[in-house]
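The residues making up each chain are set out below.
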Amino acid sequence: MEINKKKTVKLNNGIEFGLDKKIIIAGPCSIESREHILIEAENLKNLGVDILRGGAFKPRTNPRDFQGLGFEGLEFLKEAGDKYDLPVISEVTSEEYIDDMYDFVDIYQVGARNMYNYELLKKLGKVDKPVLLKRGLSATINEWIFASEYISQAGNDKIIFCERGIRSFDSATRNVLDIGGAVLVQQMTNRPVIADPSHGSGLRHLVYPLAKASLAAGLDGIMVESHFNPKEAMTDSDQCISYDTLGEILKYVR
Ligand code: PEP
Ligand code: MN
């Protein structure tokens, strides 16, 4: 029996999390329109990004804020991914949406606010597609790992952890990216762990240094929010990076 073998997670197009190659997920916080996501996909493909992200169901803190385009947005995301040969990831905010999302995503994202939604996790355990499990806003490492076990125990072993920053006493940054905690989860579970330095800091000028730190620490990839006009992004614009910065990250990685 092989002990401590890394459990990699492979997508249908061959991209595999947990090998030497670092996986770069990028794209806008939310899908703003069909034209928007098509432009983003074309540019991100040219830059060399591996996977396209885009939120369609947005779990916004303020219920009056833009909530995303829903299933229509997912159709646009899938069209863009197909056109530019990019796998896509989007957040599933309710167990009700899992089946209808199936044909539109390559990876289901579980957001920080839903890490404790055990019914959602159990149902994702019945699906044969990978799940990216974000860390809860103030989840301990053990709670995060237990959450993943709701998915694996129900039958789905394709789990990727994503450290997205935790709340602290200091409001200078939106969250504190816990790189040490992320490496610890990698060591404890032997599963792929990536970092999200966009939500992990809330500040676009910290995304590049934190992306480098995460990758240098040995994490398996990063997920960042980018936009062709970051200051005009409809959601999370303060933490959204330009193609120039994304290009710098890709140069560092490759
Ligand atoms: C997101 O990735 O757009 C998102 C809402 O992230 P989180 O769940 O980490 O806040
Ligand atoms: Mn966001």
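A brief report on the enclosed structure follows. (Residues numbered from 1 in each chain as written. Chains lettered and ligands numbered in written order. Predicted model: local features only at pLDDT ≥ 70, side-chain atom pairs only at ≥ 80, totals over all residues. Heavy atoms only, no water.)

Section: the nonpolar core
Ranked by internal contacts, the top residues of the largest apolar core, which has 58 residues, are Leu52, Tyr108, Leu124, Leu133 and Leu246. Each residue touching Leu133, except ones within four places of it in the same chain, is listed here: Val110, Met115, Leu121, Trp144, Ala147, Ser148, Ile151, Ile160, Phe161 and Cys162. Grouped together as the second largest cluster of nonpolar side chains are 14 residues, Ile15, Phe17, Ile25 and Ile160 included. (Core = buried A, V, L, I, M, F, W, Y, C linked by side-chain atoms within 4.5 Å. Buried < 20%, exposed > 50% of the residue type's maximum accessible area, 1.4 Å probe, protein only. Contact = heavy atoms within 4.5 Å.)

Some remarks on the coordination of the manganese ion (ligand 2)
Of the protein atoms, only Cys29 (SG), His199 (NE2), Glu225 (OE) and Asp236 (OD) coordinate the manganese ion (ligand 2), at distances of 2.1 to 2.4 Å. Between consecutive donors of the manganese ion (ligand 2), the numbers of intervening residues give the motif C-x169-H-x25-E-x10-D. In this pair, Cys29 is assigned in the loop between β3 (23-27) and α1 (34-47) and Asp236 in the loop between β10 (221-225) and α8 (243-253), connecting sequence segments 207 residues apart. (Donors = N, O, S within 2.8 Å, 3.2 Å for Na, K, Ca; no water. Helix = DSSP H or I, 4+ residues; strand = E, 2+ residues; numbered from the N terminus.)

Examining the site of ligand 1
Ligand 1 sits among Cys29, Arg53, Lys58, Glu91, Gln109, Gly111, Ala112, Arg113, Lys134, Arg164, His199 and Glu225. Here Ala112 contributes a backbone N or O atom positioned 2.8 Å from an oxygen atom of ligand 1. In the model, an oxygen atom of ligand 1 is placed 2.9 Å from a nitrogen or oxygen of the Lys134 side chain. Burial of ligand 1 by the surrounding chains reaches 97%, relative to a free accessible area of 290 Å². Partitioned by chemical class, the residues of the shell around ligand 1 number two nonpolar, three polar and seven charged. (Near = heavy atom within 4 Å. Polar contact = N/O pair within 3.5 Å; in protein donor to acceptor, adjacent residues only side chain to side chain. Areas by Shrake-Rupley, 256 points an atom, 1.4 Å probe, with all protein chains shown as cover. Nonpolar A, V, L, I, M, F, W, Y, C, P; charged D, E, K, R; others polar.)

Looking at the side chain of Thr235
Its location among the elements puts Thr235 in the loop between β10 and α8. According to the relative accessible area criterion, Thr235 is buried, its value standing at 2%. One polar contact links Thr235 to Ser30, side chain to side chain, over a distance of 2.6 Å. Excluding residues within four positions of it along the chain, Thr235 makes contact with Cys29, Ser30, Arg60 and Phe66.

Side note on the pattern of salt bridges
Pairing between side chains of opposite charge can happen when the charged atoms of each approach one another. Under the criterion given, the structure shown has 15 salt bridges. As a salt-bridge pair, Lys78 and Asp82 come within 3.3 Å of each other at their nearest N and O atoms. Here Lys78 and its partner Asp82 are both found in helix α2 (residues 70-83), four residues apart, which amounts to about one turn of the helix. A salt bridge links Glu119 to Lys122; the nearest nitrogen and oxygen atoms lie 3.1 Å apart. With Glu119 and Lys122 both in helix α4 (residues 118-124), this residue pair falls three residues apart, about one helical turn. (Salt bridge = Lys/Arg side-chain N within 4 Å of Asp/Glu carboxyl O.)

Considering the pairing of β3
In terms of burial, β3 is a largely internal element, five of the five residues being buried. Residues Ile23, Ile25 and Gly27 point to one face of β3 and Ile24 and Ala26 to the other, with burial holding for every one of them. As defined by bridge partners, β3 adjoins β10 across five bridges and the pair is classed as parallel. Along β10, the bridge assignment pairs Ala26 with Val224. Across two bridges, β3 lies against strand β4 (residues 51-53) in parallel orientation. Within β4, the position partnered with Ala26 by the bridge is Leu52. The parallel pair β3 and β4, bridged by α1, forms a crossover whose chirality is right-handed. (Pairing = 2+ DSSP bridges. Right-handed = clockwise from strand over helix to strand, strands pointing away.)

Quick notes on the packing of aromatic side chains
The relative placement of two aromatic rings is captured by the distance of their centres and the angle of their planes. Following the criterion strictly, the structure yields five aromatic pairs and no others. Considering the side-chain rings of Phe57 and Phe71, the 5.1 Å spacing of their centres and the 80° angle between planes classify their relative orientation as edge-to-face. Linking Phe57 in the loop between β4 and α2 with Phe71 in helix α2, this pair joins segments that are 14 residues apart in sequence. Geometrically, the ring pair formed by Phe71 and Tyr97 is edge-to-face, given 5.6 Å between the ring centres and 85° between the ring planes. Of this pair, Phe71 sits in helix α2 while Tyr97 sits in the loop between β5 (88-91) and α3 (98-101), and the two are 26 residues apart along the sequence. Residue classification places Tyr97 among the partly exposed positions, given a relative accessible area of 24%. In this structure an aromatic cluster arises from ring pairing among Phe57, Phe71 and Tyr97. (Phe/Tyr/Trp six-rings, centres within 6.5 Å; stacked < 30°, edge-to-face > 60°.)

Honestly, it's all geometry; don't read function into it.
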